[in-house]
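Letter by letter, the chains look like this.
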Amino acid sequence: MVLTEAEGPVRSSVPVTNRRRILCVFPRYTPAFGTFNHAYRLMKGVRAFMPPQGLLLIAAYMPQAWPVRFIDENMRDATEADFAWADAVLVSGMHVQAPQIHDIAARAHAAGKVVMLGGPSASASPEMYADIDYLHIGEMGDATDALVARLDESVARPAAQLRFETKDRLPLHDFPIPAYDLIPLKNYLMLTLQFSSGCPYLCEFCDIPNLYGRQPRLKTPAQVTAELDAMRKQKGHPPVVYFVDDNFIGNRKAAKDMLPHLLAWQRQHGYPLQFACEATLNIAKQPEILKLMRECLFLGVFVGIETPEADALKAMRKNQNIAVPMLESIKTLNDYGLEVTSGIILGLDTDSDDTETRLKDFIDISRIPMLTINLLQALPKTPLWDRLNAAGRLETDPGLESNVRFLRPYDEVVGMWRRCIAHANDPERLFARFRHQMDATYVNRVIPPASGRLNWSNLSSALVLAVRLVLHVGILSDYRKPFWRATRYALRRGQIDAVLGMGFIAHHLIQFTREALRGEQNASYYSTKRRTASAPPAPDLAPLRKSA
């Protein structure tokens, strides 16, 4: 049963007799194409990417009598005083955050505090965390209650690691509202919201089905709007909400049934928010859903295109991407005002001598502005991991960019990745793709009444972004000429928002690409390679390596 606000928040039902002070610490993200870390300096007050939904849920689920503090180390590190205050430290994170997780645990242990770790990394690979006192494996449920009971009994560190594994998951429709009140939402680039969990597809490289199931589980529309109400209680919150569902249309009927409620909420409040999500490319076959998304002010969708090569998609079990012609699908999404962001993978077993040319052609023809291009990485609890492990093709050398032993020479694959990101994020090409979006996508968006977003916080944030864009991109950068050409193109069409969005995204992509080409960033978001020295620039990439 979902409790209403009058009945009180959803919390653990475990009776507790002791008062425990809980410190939730979220580890720092690893920089990536998709985290926009270079854009923060352009924006008013932005210091981190997205609120960490999972740990905020756990914080909200703690017993009412237990004080909870929340620290996101993307904003500031937990201090000795923070650890001294706490009775227990709760942490969550992904594989790529493992070094930061171990660092938090070491600092907490130095302060004599017991540490609990949950989330996707601990659930998929508990063997990575021998130093953690309590491991929470799986989603919120009976294991969470068992952990609460254990902490109520004692906050002394156990003699040996204890593992709590969820057998009975808490249904999503019983999830609490994440503890947004514990964090400053105004300091995030965008807000986050979860509607469903799980994905019906079995893509070879993806761990979602094994971690969260193939049958998507759902929150109610009332929960979705209640979370939006909770976020809006904080002044100065970001105007964009990202649905973090693994696949927004994992359950198409549920998505179609929820969207009218979201639209009614938007109309009631004057359209104060805009939305984005991630979905499979076959969402292009759902015109009713796309129409509702457009009316609700969905502006973007992240699509794991992975590769434009049909044979490669079939090999990775991603047939849903070839259900309709790829370029036709992208155009369909653009026609509904949805700007596509694409995930691309290099280093596949099907890569050939033509792969680089085909990808570059796809970038130019599709005119998708933002592409996150990564080398293949095998994650635990995926069919890819199992296949490569059986074949003896899992790489353990920490000095390499991937844990996959590619079928093609390693240096050749990395070189292809470097040339492809240089091609994609060359300033002239990048801003040209944004200009295409102004005619192909932005003109197809609903123009809502201004009342919902016309407030001092939004106006001052836009003004700060505009001034800093002019300074850092329009004056100080070496890519100011293509920026101003695209800006003039947008302003002639009355698309001021396009200038702001294009400016901060392009600035980040160009700067991150230059760092990656200098050897300062990893070739995969999931890579754990430690950067030690800058790689010498190749002559054909030099124009993209100029310092801004």
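These figures come from a predicted structure and were not determined experimentally.

Reading the values: the criteria
Residues numbered from 1 in each chain as written. Predicted model: local features only at pLDDT ≥ 70, side-chain atom pairs only at ≥ 80, totals over all residues. Heavy atoms only, no water. Patch = residues over 30% accessible without salt bridge, like charges linked within 9 Å, V, L, I, M, F, W, Y side chains within 5 Å. Areas by Shrake-Rupley, 256 points an atom, 1.4 Å probe, with all protein chains shown as cover. Salt bridge = Lys/Arg side-chain N within 4 Å of Asp/Glu carboxyl O. Helix = DSSP H or I, 4+ residues; strand = E, 2+ residues; numbered from the N terminus. Pairing = 2+ DSSP bridges. Axes fitted to C-alpha atoms, helices over the stretch in contact; angles between N-to-C directions. Contact = heavy atoms within 4.5 Å. Buried < 20%, exposed > 50% of the residue type's maximum accessible area, 1.4 Å probe, protein only.

Caption draft 1: Just a nonpolar patch on the surface, in detail. On the surface, Val470, Leu471, Ile475 and Leu476 cluster together into a nonpolar patch covering about 330 Å² of accessible area. If you trace the backbone, Leu471 turns up in helix 16 (residues 456-475).

Caption draft 2: Just the sheet that holds strand 6 (residues 162-165), in detail. Ordered in space as 2-1-3-4-5-6, the six strands form an open sheet in which the pairing is parallel. Across the chains shown, the open sheet's two edge strands, defined by having one partner strand only, are strand 2 (68-72) and strand 6. Adjacent strand axes in the sheet meet at a mean angle of 20°, parallel and antiparallel pairs treated alike. Pairing analysis gives five bridges linking strand 1 (residues 22-26) to strand 2, with the strands arranged parallel. When the sheet's bridge partners are listed, Ile22 is paired in strand 2 with Val68. Strands in contact with helix 3 (residues 98-110) are strand 1, strand 3 (88-92) and strand 4 (114-118); relative to strand 4, the strand with the most contacts, it is inclined by about 160°.

Caption draft 3: Representation of the pattern of salt bridges. Scanning the model with the defined rule gives 28 salt bridges in all. Here Arg393 ties to Asp349 by a salt bridge, and the two come within 2.8 Å at their closest N and O atoms. Of this pair, Arg393 sits in the loop between helix 13 (383-390) and helix 14 (410-424) while Asp349 sits in the loop between strand 13 (339-346) and helix 12 (355-366); the two residues are 44 residues apart in sequence, bridging distant segments of the chain. Accessibility expressed as a relative area gives 13% for Arg393, which makes it buried. We classify Asp349 as partly exposed; its relative accessible area is 26%. By sharing partners, the salt bridges in this structure join Glu204, Asp349, Arg387 and Arg393 into a single network.

Caption draft 4: View of the environment of Leu371. The topology assignment puts Leu371 in strand 14 (residues 370-375). A relative accessible area of 1% means that Leu371 is categorised as buried. As a C-alpha pair, Leu371 and Ile305 span 66 residues in sequence and 9.6 Å in three-dimensional space. Excluding its chain neighbours within four sequence positions, the residues that come into contact with Leu371 are Ser342, Ile344, Phe362, Ile363, Ala424 and Arg433.

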